[in-house]
Amino acid sequence: MHNLRELERVVLSSIIYELTAEKEEQVERLQVKDFFSIGHQDVFSAIKHFISLSKPFEEHLLSKYLKKYKSFDEQILLDIITTTPMSNISPYVDQVINERKKRDLEFLANRMKIMISEHSDANEIVEYAEAFLTSLDAIEKVDEPITMHEAIIEFQNTKEPPRIKTGVGLLD
């Protein structure tokens, strides 16, 4: 692969073209933050959304979803769709994850330089680095952020808990 954007496009194109069980396993390994390009992050987030709902997705549905959340970039989606899909994306996913780890390590190195220049305690720097390195391979199981519209619908669908008789007139 010549560059990271091409690599990311191959992964996304392959998933969109045909989501097999093997590719779905690779999708589970990936996180939105693994993609460097913000446009690719948006497309991957949309793909994860459709997969989480067990709904099919293709170019039109993805563009409609991305437009709805004002993150649609026609050129990015066109670049992805016109990239030749691969049947085995595992090595490409490995590279995407590896590149994200390198970015994270670069961030850690810069953060440690700042801490050193601020005369932070060496033990504090080591603890920070250890915690950071431990989290490097952790897959976030945090739900993707939801939009205000989704939050309002979720709130409207919540049920009020049953009332409890307290015996106090003003509270009942």
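Structure: above.
As a starting point, this report considers the structure included with it. Given the structure is predicted, the values throughout are model-derived calculations rather than measurements.

Quick notes on the overall build of the protein chain
No. 1: A tally of regular secondary structure across the protein chain gives eight helices and zero strands.
No. 2: When the helices and strands of the protein chain are listed from N to C terminus, the series reads α-α-α-α-α-α-α-α.
No. 3: Nonlocal contacts in the protein chain, meaning residues at least 24 apart in sequence, comprise 67% of its contacts between residues at least 6 apart.
No. 4: Put simply, the protein chain shows about 11900 Å² of open surface, and 56% of that area lies on carbon and sulfur atoms.

A closer look at helix H6 (residues 90–117)
No. 1: Taking 1.5 Å of rise per residue, the 28 residues of H6 would be expected to cover 40 Å, and the 41 Å separating its terminal C-alpha atoms lies within 8% of that figure.
No. 2: Residues of H6 that are buried: Tyr-92, Val-93, Val-96, Ile-97, Arg-100, Asp-104, Leu-108 and Met-115.
No. 3: Where H6 is buried, its residues contact helix H1 (4–17), helix H2 (21–29) and helix H7 (122–136).
No. 4: A positive backbone phi angle near 60° is found at His-119, which sits one or two residues after H6.

Quick look at the pattern of salt bridges
No. 1: Following the criterion strictly, the structure yields four salt bridges and no others.
No. 2: Arg-100 is paired through a salt bridge with Asp-34; the nearest N and O atoms lie 2.5 Å apart. Pair noted here: Arg-100 is in helix H6 and Asp-34 is in the loop between H2 and helix H3 (38–52), with a separation of 66 residues, a long-range link.
No. 3: Take Arg-100: its relative accessible area is 3%, and that puts it in the buried class.
No. 4: The closest approach of N and O atoms between Lys-102 and Glu-99, which form a salt bridge, is 3.3 Å. Of this pair, Lys-102 and Glu-99 both sit in helix H6, three residues apart, roughly one helical turn.
No. 5: Each of Asp-34, Arg-100 and Asp-104 takes part in a single network of salt bridges with overlapping partners.

Observations regarding the environment of Phe-57
No. 1: Mapped onto the secondary structure, Phe-57 falls in the loop between H3 and helix H4 (59–68).
No. 2: Under the relative-accessibility criterion, Phe-57 is labelled buried at 11%.
No. 3: Sequence spacing of Phe-57 and Leu-19 is 38 residues, and the spatial spacing of their C-alpha atoms is 9.4 Å.
No. 4: Residues within four places of Phe-57 in sequence aside, it is in contact with Ile-15, Ile-16, Leu-19, Ile-47, Phe-50, Ile-51 and Leu-62.

Looking at helix H5 (residues 74–81)
No. 1: Taken together, the buried positions of H5 are occupied by Ile-76, Leu-77 and Ile-80. End-on view of H5: buried residues confined to an arc of 95°, all on one side of the axis.
No. 2: Summarising the contacts, the buried residues of H5 are in contact with H1, H3 and H4.

Let's talk about the environment of Glu-74
No. 1: Inspection of the secondary structure puts Glu-74 in helix H5.
No. 2: Taking relative accessible area as the criterion, Glu-74 reaches 59% and is therefore assigned exposed.
No. 3: It is 36 Å that separates the C-alpha atoms of Glu-74 and Arg-111, two residues lying 37 residues apart in sequence.

Some words on the packing of aromatic side chains
No. 1: As enumerated under the stated definition, the model contains six aromatic pairs in all.
No. 2: Where Phe-50 meets Phe-57, the ring centres are 6.3 Å apart and the plane angle is 35°; that geometry is what we call tilted.
No. 3: Taken together, the ring pairs in this structure connect Phe-50, Phe-57, Tyr-65 and Tyr-69 into an aromatic cluster.
No. 4: Note that Lys-67 overlies the ring of Phe-72, its terminal NZ or CZ placed 5.0 Å from the centroid.
No. 5: It is Arg-111 that lies over the ring of Tyr-128; its NZ or CZ is 5.8 Å from the centre.

Thresholds, definitions, all that
- Residues numbered from 1 in each chain as written.
- Predicted model: local features only at pLDDT ≥ 70, side-chain atom pairs only at ≥ 80, totals over all residues.
- Heavy atoms only, no water.
- Helix = DSSP H or I, 4+ residues; strand = E, 2+ residues; numbered from the N terminus.
- Contact = heavy atoms within 4.5 Å.
- Areas by Shrake-Rupley, 256 points an atom, 1.4 Å probe, with all protein chains shown as cover.
- Expected span 1.5 Å × (residues − 1).
- Buried < 20%, exposed > 50% of the residue type's maximum accessible area, 1.4 Å probe, protein only.
- Salt bridge = Lys/Arg side-chain N within 4 Å of Asp/Glu carboxyl O.
- Arc of directions from axis to C-beta.
- Phe/Tyr/Trp six-rings, centres within 6.5 Å; stacked < 30°, edge-to-face > 60°.
- Lys NZ or Arg CZ within 6 Å of the ring centre and 35° of its normal.

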